[in-house]
Amino acid sequence: MKIEIQSFDELKKQYKLSDNEKAFKASKNSLTVSITKHYLSLINLEDEKDPLRIQVFPSVLEENENNLENIDPLFEINNSKSSRLIHRYESRVALLTTDICPMYCRHCFRRRFTGKLLGPISNKEIEEASIYIQKHPKITEILLTGGDLLTLTNSKLDFLIKTLRERNPKLIMRICTRMVITAPSRIDAGLISIFKKYKSAPFYLLTQVNHPRELDSEAIKAINQFVDAGIPALNQCVMLKGVNDNFDTMEELCNKLLFNRIKPYYVFQGDLVSGTSHLRVNVDRTIEIEREMRKRLSGLAMPSFMIDLPKGGGKVPLSACYLKSFNDNIYTFITLDGEEREYPHI
Ligand SMILES: *Cc1c(COP(=O)(O)O)cnc(C)c1O
Ligand code: SF4
C-alpha cells in the first residue's frame, strides 16, 4: 500500500496559490507541508477559502508572533515520563508512537513534535512504556497517538499492541488516527486483523473530522471496517475559523458523523499553539455554537465542547451556564429558550 502525498514544492508548481500561501516560507520551526492525494481530491481548488484547503495549505499567517502563544501550551513536556509517554491524568496515558503524519494539519496542537523526522517509537521505548503502565495500576486507558499511529507498519503495530497487552491485558486502547479521512486506503482487512488478535480489552477508534465534506464515501468505508470489527468510533473535532465555526456546518457534521456510526465525542477550543492564531475561534463564539447545538442536536449527536487549559491545566467543559443563581435554598436555571425555572435545595 502506497499513500500518495503532495509536497509544498509540487503544490506551488501545480496550483494557483493565494498571496498568503505563496508568502509562506518553510523554516526549521515551521510545520512540514504534506497533503495526501486523497484529501487534495476533496478540496475545491478554485476557492481560496475552501474549509478543507485552509486546514492543510500553509500560510504566511503561521509566522505571526503572539506572546500569549507557546509551542507547548499544554505543558506536555513537563508531564512526560519519557520522550514518548505523557501521563497527565491519573487513569490514562498518551503514547506518542511516531511524529509522522501523511498530511500535516496547520492547526496541529502538537507541532513542537509532529513532522520532526524522529520516526516511529523504538521497540525498547515500547517495552519501557509497557513496564511503566504495569507499575501504575490506576492507568486503565492508553491513547496510541502521535503523529499518526497508522503510519506505523503493520508489523510495528502488531509488536506495539502485543507488548502492551502482555503486561497489561485489561488496558483499554484508543486508536487515534486521522488517516481514515486523509488516507482511507490504509485501512484494510490486514490492518483490522491485528486488532482482532488482541481482544483481552476493547479498542476504540478516535478520529478527527472537522468538516462534513471530509467524510466522503471512502472515509466512511474505512471507518465502517473498524465499527464492523467491534471497534466503536468517536470523533474529536477542533473549532476552526472558516471551517466549522457556524451553526449549519457544525450541525451537519455532527449529524453526518452519528448517521455513519461515529459518536461525536469532543469539540476542542483551539489550543494556544504558536502559529495557529489565524485559525482560532473566540471562546464566546464557541459557547454560542455549543448553545445552539444543544437546541438543534439530539443527545446522541451532541459532543462535549472542551477547552484544554494552558500550562497543563487539563481539559474542562466549555459551555453556557444553565444554573443562574442559588438564593434562599432555591436554584434558578435558565431553559434553552431563555426562561427561568426554579428547583429547591432538597
Ligand atoms: C486529552 C488527553 C487524554 C484523554 O482525555 P479524555 O478526557 O479521557 O478523552 C489523556 N491524556 C492526555 C495527555 C490528554 O491530552
Ligand atoms: S493528524 Fe493530528 S498529529 Fe498529525 S498533523 Fe494533524 S492534528 Fe497534528
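Residues numbered from 1 in each chain as written. Chains lettered and ligands numbered in written order. Predicted model: local features only at pLDDT ≥ 70, side-chain atom pairs only at ≥ 80, totals over all residues. Heavy atoms only, no water.

S.K.: Would you mind going over the sheet that holds strand β13 (residues 330-334) with me for this structure?
M.R.: Strand pairing in a sheet relies on backbone hydrogen bonds. The paired strands run either parallel or antiparallel. If you walk across this open sheet you meet the 3 strands as β12-β13-β14, and the pairing is antiparallel. Single-partner strands in this sheet number two, and they are β12 (323-327) and β14 (340-344). If you compare each strand with its neighbour and ignore which way they point, the axes differ by 25° on average. As defined by bridge partners, β12 adjoins β13 across 4 bridges and the pair is classed as antiparallel. Across the sheet, residue serine 325 finds its bridge partner in β13, namely threonine 332. (Pairing = 2+ DSSP bridges. Helix = DSSP H or I, 4+ residues; strand = E, 2+ residues; numbered from the N terminus. Axes fitted to C-alpha atoms, helices over the stretch in contact; angles between N-to-C directions.)

S.K.: What am I meant to see in the site of ligand 2 here?
M.R.: Within the structure, ligand 2 sits among Cys101, Met103, Tyr104, Cys105, Cys108, Thr114, Gly147, Arg178 and Gln208. Judged by the proximity of its atoms to the pocket grid, ligand 2 belongs to the largest pocket. (Near = heavy atom within 4 Å. 1 Å grid on protein atoms, 1.4 Å probe; cavity = no way out; pocket = protein on both sides within 12 Å on 5 of 7 lines; lining within 4 Å. Sits in = over half its atoms within 2 Å of the grid points.)

S.K.: Just to check I follow, could you spell out the environment of glycine 270 for this structure?
M.R.: Of note, glycine 270 is situated in the loop between β9 (262-268) and α11 (283-296). Judged by its relative accessible area of 17%, glycine 270 is buried. The residues contacting glycine 270, other than those within four sequence positions of it, are Met239 and Arg280. (Buried < 20%, exposed > 50% of the residue type's maximum accessible area, 1.4 Å probe, protein only. Contact = heavy atoms within 4.5 Å.)

S.K.: I'm lost on the layout of surface pockets in this one. Help?
M.R.: The method is simple in principle: a probe with the dimensions of a water molecule rolls over the atoms, and the space it marks as empty is what remains. Roughly 1000 Å³ of volume is contained in the largest pocket. Contributing to the lining of the largest pocket are 47 residues, with Phe109, Arg110, Thr145, Gln236 and Phe268 lying nearest its centre. Listed by contribution, the elements that provide at least two residues to the lining of the largest pocket are β3 (85-89), β4 (92-96), β5 (141-145), β6 (172-176), α7 (179-182), β7 (203-207), β8 (233-238) and β9. Classifying every residue of the lining of the largest pocket by side-chain character gives 23 nonpolar, 13 polar and 11 charged. (Points joined across faces, edges and corners; volume = space filled by probe spheres on them. Nonpolar A, V, L, I, M, F, W, Y, C, P; charged D, E, K, R; others polar.)

S.K.: Help me out: how do you make sense of the pattern of salt bridges in this one?
M.R.: Where charged atoms of side chains with opposite charge meet at close range, the side chains can pair. Under the definition given, this model contains 27 salt bridges. Here arginine 111 makes a salt bridge to glutamate 62, at a shortest N to O gap of 3.1 Å. Separated by 49 residues along the polypeptide, arginine 111 in the loop between β4 and α5 (123-135) and glutamate 62 in the loop between α4 (53-56) and β3 bring together distant segments of the chain. For arginine 111, a relative accessible area of 5% puts it in the buried group. By relative accessible area, which is 8% here, glutamate 62 ends up buried. (Salt bridge = Lys/Arg side-chain N within 4 Å of Asp/Glu carboxyl O.)

S.K.: Help me understand the side chain of arginine 280 in this model?
M.R.: Here arginine 280 shows up in the loop between β9 and α11. At 2.7 Å, the side chain of arginine 280 forms a polar contact with the side chain of glutamate 69. Contacts of arginine 280, omitting those with residues within four sequence positions, involve Asn66, Glu69, Lys241, Gly270, Asp271, Leu272 and Val273. (Polar contact = N/O pair within 3.5 Å; in protein donor to acceptor, adjacent residues only side chain to side chain.)

All we've got here are geometric facts, nothing functional implied.
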